[in-house]
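Okay, here's what each chain looks like letter by letter:
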Number of protein chains: 4
Amino acid sequence: MAGVNKVILLGNLGADPEVKYLEGDNVVANLRLATTESYKDRNGNRVDQTEWHDLELWGPQAKIAEQYLKKGSQIYVEGKIKSDTWQDDQGQNRKRTKIRVISFTMLGGKSEMGSNPQENAGMSQPSTNYKAAASPAPSTSGPDIQMDDSDDDLPF
Amino acid sequence: MAGVNKVILLGNLGADPEVKYLEGDNVVANLRLATTESYKDRNGNRVDQTEWHDLELWGPQAKIAEQYLKKGSQIYVEGKIKSDTWQDDQGQNRKRTKIRVISFTMLGGKSEMGSNPQENAGMSQPSTNYKAAASPAPSTSGPDIQMDDSDDDLPF
Amino acid sequence: MAGVNKVILLGNLGADPEVKYLEGDNVVANLRLATTESYKDRNGNRVDQTEWHDLELWGPQAKIAEQYLKKGSQIYVEGKIKSDTWQDDQGQNRKRTKIRVISFTMLGGKSEMGSNPQENAGMSQPSTNYKAAASPAPSTSGPDIQMDDSDDDLPF
Amino acid sequence: MAGVNKVILLGNLGADPEVKYLEGDNVVANLRLATTESYKDRNGNRVDQTEWHDLELWGPQAKIAEQYLKKGSQIYVEGKIKSDTWQDDQGQNRKRTKIRVISFTMLGGKSEMGSNPQENAGMSQPSTNYKAAASPAPSTSGPDIQMDDSDDDLPF
DNA sequence: TTTT
DNA sequence: TTTT
């Protein structure tokens, strides 16, 4: 039963975040992330190989992504693999794999922090590490606890 | 261009390895790995959530997997996400995601190492860490050589 | 400012946990973990190389460790590197590095769960993943949030 | 015996690399890497906590570090923990922990690749991932060969 | 001693 | 579809 399911990615966004506001105050952001490897083939030519990843962020993380990330942004991501399975119109089993983001960090320093300081509350550094908080935000009354969403049972 | 694409899994095999011997001495093994998380839902009930991963191993690794792994084996895996994309019969874009294994380690000590000591050459411990070696070995001669199989340009 | 400091270990305990109960309900456990690599030297002889790690766990994690881990236990650990620096008697700068554990998972299934079922509440599997909760436990009123202690500002 | 000893760091260099050329064509580079976490304390004030890591790179990696890294460079690192233990003048046991780098990637795109294209041979991208190659190259001929430098038995 |  |  012991299980570890961990993904570490570092790459660039292929497009601006797609953010959806759902009922009940929930927010989800979908990102397309490219990770590119370079290697030399047997003839000594450099070859780039790009893998595209579908990332999913929920709650406060989604909002931070909406606010600060855009096409081209470089980020470091920790998450886990999550698959959806369903039957398509032809009755065939289908599977789609995405990365549920647990935390991410903006790199590259090309931040364009909004001009509204309110927006940046508690986030003076654009490259702070954003741990996921469940959404709706739990009323943690403890000191400064960082939450992550790795094990919650919210419906996402 | 900087890219990191890393997966760390720890779980159990849902079936024996499926191994195919290809032309040119190539071997590929496919594994189904389950990683299970346990958490309590809002009612305090324990819930298990299992994610199934398709693993792909090549060359010597595939042979080691064939030899030592079986349904139920517990392993620790490092690898990377690799997707195949194609068009199906209906002309729809399809995508299948799997984990290309870079290294793995057998856990649990329930090894049943073959009775033939030759088989265990260099592997007195069942839980040795098996780093991937490209197969057939690339004719690496320069200093730029990739020393694991993460970046090779072999056709897999 | 972007920072990642992550350690992943899988190994066995060299001794039973050392647990200290501090004032204010705090608990700390210290573990000695061995990670062993096997490789062949240039003569083809198998060589084992063991690295010893000093792990530190706080709060509920420390109690779980006290309860379920013992000399020889095999665990998977995620944590971060933390160093203490000080001056010794001779006025020399000294540094000691340890691993602050964020989460751990018991492996090997050799659990000897206590006979008191209360103790195992919510932990029917010995190999559940134990995320750290800050100590003293925050009064999280949210649903089932998993906390980790990676970013707290408690004095440890 | 199963062992995993893995470190993932992302941070900035506190100083230029220190490179030593040893007898027998060996090269070693030492780096000081800072990883900084930001969090809010219980009063809502942002606090930065910096951990300093001693990195050690060998062979070709050391040369690449010497050539392209400098004080302030942002890098992503994978490696493992390695400790030296010895007795000091007072006969006391001492231990020093460092990170043996397995691979690293330059981030931030502030590369100042030398103007000599020869220098960049096989490395048109400053942020290529540098996997360690043992130096001098081991005469790998069998299938059990370690394909990165994590498990070699070279004298470093 | 870094970085934002 | 990203990035250098």
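Summary of the structure given here. (Residues numbered from 1 in each chain as written. Chains lettered and ligands numbered in written order. Predicted model: local features only at pLDDT ≥ 70, side-chain atom pairs only at ≥ 80, totals over all residues. Heavy atoms only, no water.)

### Section: the overall build of chain A
Thinking step 1. Looking only at helices and strands, chain A features 1 helix and 7 strands.
Thinking step 2. For chain A, the sequential pattern of α-helices and β-strands runs β-β-β-β-α-β-β-β.
Thinking step 3. Expressed as a percentage of the 156 residues in chain A, the buried residues total 54%.
Thinking step 4. Excluding contacts between residues fewer than 6 apart, the proportion of contacts in chain A whose partners are at least 24 apart in sequence is 59%. (Helix = DSSP H or I, 4+ residues; strand = E, 2+ residues; numbered from the N terminus. Buried < 20%, exposed > 50% of the residue type's maximum accessible area, 1.4 Å probe, protein only. Contact = heavy atoms within 4.5 Å.)

### Section: helix α1 (residues 60-68) of chain D
Thinking step 1. For α1 of chain D, the complete set of buried residues consists of Q61, A62, I64, A65 and Y68 of chain D. The buried residues of α1 of chain D all sit within an arc of 160° when viewed along its axis, so they share a single face. (Arc of directions from axis to C-beta.)

### Some thoughts on the relation of the copies chain B and chain A
Thinking step 1. Between chain B and chain A, the superposition needs a rotation of 180° and an axial shift of 0.0 Å, giving an RMSD of 0.0 Å. Put plainly, the chains are arranged around a two-fold axis. If distances are taken from each C-alpha of chain B to the rotation axis, the shortest is found for V7 of chain B, at 2.3 Å.
Thinking step 2. A high fraction, 98%, of the interface residues of chain B reappear at the interface in chain A, so the copies pair face to face through one surface. (Least-squares fit on C-alpha atoms with pLDDT ≥ 70 in both.)

### Comments concerning the packing of aromatic side chains
Thinking step 1. Within the structure shown, the criterion is met by 2 aromatic pairs over all chains.
Thinking step 2. Between Y76 of chain A and Y76 of chain D the ring centres are 6.3 Å apart and the planes differ by 40°, which places this aromatic pair in the tilted class. On the criterion of chain membership, the pair formed by Y76 of chain A in strand β5 (residues 74-87) and Y76 of chain D in strand β5 (residues 74-87) is interchain, its members lying in two chains. (Phe/Tyr/Trp six-rings, centres within 6.5 Å; stacked < 30°, edge-to-face > 60°.)

### Quick word on unusual backbone geometry
All names here are of chain A.
Thinking step 1. The phi torsion at D25 lies on the positive side, around 75°, for a residue other than glycine.
Thinking step 2. Structurally, the position occupied by D25 is in the loop between β2 (18-21) and β3 (27-40).
Thinking step 3. Judged by its relative accessible area of 61%, D25 is exposed.

### Thoughts on the environment of K63 of chain D
Residues and elements named next belong to chain D.
Thinking step 1. Within the secondary structure, K63 sits in helix α1.
Thinking step 2. Of the residues examined, K63 reaches a relative accessible area of 40% and is grouped as partly exposed.
Thinking step 3. Setting aside residues no more than four positions away along its own chain, K63 makes contact with Y21 and V27.

### Examining the interface of chain B and chain A
The parts lose accessible area when they come together, and the size of an interface is often stated as this lost area.
Thinking step 1. In this complex, chain B contributes 44 residues to the contact, which on the side of chain A involves 43 residues.
Thinking step 2. Where chain B meets chain A, there are 4 salt bridges.
Thinking step 3. Mapped onto the side of chain B that touches chain A, the elements with two or more residues apiece are β1 (4-13), β3 (27-40), β4 (46-58), β5 (74-87) and β6 (93-106) of chain B.
Thinking step 4. Considering each element in turn, the side of chain B that touches chain A owes the most residues, 9 residues, to β1 of chain B.
Thinking step 5. Of the residues contributing to the side of chain B that touches chain A, the split by class is 13 nonpolar, 14 polar and 17 charged.
Thinking step 6. Of the strand pairs in this sheet, strand β1 (residues 4-13) of chain A and β1 of chain B are connected by 7 bridges, and their pairing is antiparallel. (Salt bridge = Lys/Arg side-chain N within 4 Å of Asp/Glu carboxyl O. Nonpolar A, V, L, I, M, F, W, Y, C, P; charged D, E, K, R; others polar. Pairing = 2+ DSSP bridges.)

### Brief notes about the pattern of salt bridges
Residues and elements named next belong to chain C.
Thinking step 1. Summed over all chains, the structure comprises 34 salt bridges over all chains.
Thinking step 2. Two residues, R94 and D88, come together in a salt bridge whose shortest N-O distance is 3.6 Å.
Thinking step 3. What makes R94 buried here is its relative accessible area of 16%.

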